[in-house]
Amino acid sequence: MTSSPNRLVAVIFGAVYILVGLLGFAVTGGVDFIATDGGLLLGIFMVNPLHNVAHLLIGAALLIGGLSNVRAAKGVNLVVGAAYLLLGIVGFFLVGSAANILALNTADHFLHLASAIVLLGVGIAADKQVPTRAAV
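Conventions used here
Residues numbered from 1 in each chain as written. Predicted model: local features only at pLDDT ≥ 70, side-chain atom pairs only at ≥ 80, totals over all residues. Heavy atoms only, no water. Helix = DSSP H or I, 4+ residues; strand = E, 2+ residues; numbered from the N terminus. Expected span 1.5 Å × (residues − 1). Contact = heavy atoms within 4.5 Å. Axes fitted to C-alpha atoms, helices over the stretch in contact; angles between N-to-C directions. Parallel < 35°, antiparallel > 145°, perpendicular 65-115°, else oblique. Nonpolar A, V, L, I, M, F, W, Y, C, P; charged D, E, K, R; others polar.

Draft legend 1. Structural view of helix 4 (residues 106-125). The end-to-end C-alpha separation of helix 4 is 28 Å, in line with the 28 Å expected for 20 residues at 1.5 Å each. Where helix 4 is buried, its residues contact helix 1 (5-24), strand 2 (45-47), helix 2 (49-68) and helix 3 (70-94).

Structural data, given as structure tokens:
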């Protein structure tokens, strides 16, 4: 696993996102599952229970991909990285609206963008010999 940057990053990010998802539940007691405002994780990142579940699912996908093989890790890094890039950009327009079902705030957007840069960077630049889809 340590010979593949994609596997290493996927496992580390997966473990961190699972931890963040679990810790998020400590600050969302009394918050509606889908609320536009939530509790503050680490005093800065806004989360609600749906946001916590999303972190758990994304963390699990990254962890499973990273523990599986290089191709799976590269694929999950690219997919999650692309999703976080989109969420990081679109999130700026969701704040203060009813569409903000993940209770996102500005700190969340910048963290999602940073995650996207790392995941996409590693997914694109590392393990180039590994195809991201099956050859026909």
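Draft legend 2. A look at the packing of helix 2 against helix 3. Interhelical geometry of helix 2 versus helix 3 gives an angle of 155° and a closest axis separation of 7 Å. Taken together, the axes of helix 2 and helix 3 lie roughly antiparallel to each other. Across from H55, I58, A61, L62, G65, G66 and S68 in helix 2, the residues of helix 3 making contact are A72, A73, V76, N77, V80 and Y84. Across the contact of helix 2 with helix 3, the residue classes tally to eight nonpolar, five polar and no charged.

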